[in-house]
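Fold and geometry: a report
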Amino acid sequence: MGLLHFERSRSLQVAPRLILIAFLAALSGCGENFDDDIETVRAATTLTDDSNDQLAQDLAGARGKVEWIGSRFEKYEDNEYIVGVTARIKRYTRAGAKRLVELQFINNRQTRQVAFEQLLIDGRPQDLIGGALNLLLLQLE
């Protein structure tokens, strides 16, 4: 009786620990890690001869900052190899107006290719010519 009671009480002590370990393991797997994708896109050259990171820093200028964000783009939700990476550039004009420029890229983990996806200025998508002109005007503000 004593040995059976000892084994049962010991298993009752171990069970909550196992549940906690399983919960923590599941919790750590919830968020996908995009760090490698971000570094790949930052180092790549897509729009200019400079790296994408240097391009973003140049656009930020002396009054801005750059934040790199990795995510899944809804447009490519059916392809697990494609990851979206956005350079979010927050900058202030000389007059103090806040502007938000987003350079969106995709990184294909399978083909190891990086491509420019889209330019947003203050949340509005820009076409190639209009976007280039607006970026130039931002530099002059």
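The structure this text deals with has already been given above.
Description of the sheet that holds strand β4 (residues 113-121)
What the five strands build is an open sheet, ordered β1-β2-β3-β4-β5; its pairing is antiparallel. A strand with exactly one partner marks an edge of an open sheet, and here the two such strands are β1 (64-71) and β5 (124-126). Along the sheet, successive strands turn relative to each other by an average axial angle of 30°, direction set aside. Note that β1 and strand β2 (residues 82-92) share eight bridges and pair antiparallel.

Focus on the pairing of β4
As judged from the eight bridges shared by strand β3 (residues 98-108) and β4, these two strands associate in the antiparallel manner. When the bridges of β4 are listed, E102 appears paired with L120. If you look at the hairpin formed by β3 and β4, you'll find four residues sitting between the two strands, and R112 has a positive phi there, around 60°. Sheet analysis places β4 next to β5, joined by three bridges and oriented antiparallel. Following the sheet pairing, L119 is matched in β5 by Q126. Hairpin connection, β4 to β5: the antiparallel pair is bridged by two residues, and D122 has positive phi, about 55°.

Here is what the cut-offs are and how they apply
Residues numbered from 1 in each chain as written. Predicted model: local features only at pLDDT ≥ 70, side-chain atom pairs only at ≥ 80, totals over all residues. Heavy atoms only, no water. Pairing = 2+ DSSP bridges. Helix = DSSP H or I, 4+ residues; strand = E, 2+ residues; numbered from the N terminus. Axes fitted to C-alpha atoms, helices over the stretch in contact; angles between N-to-C directions.

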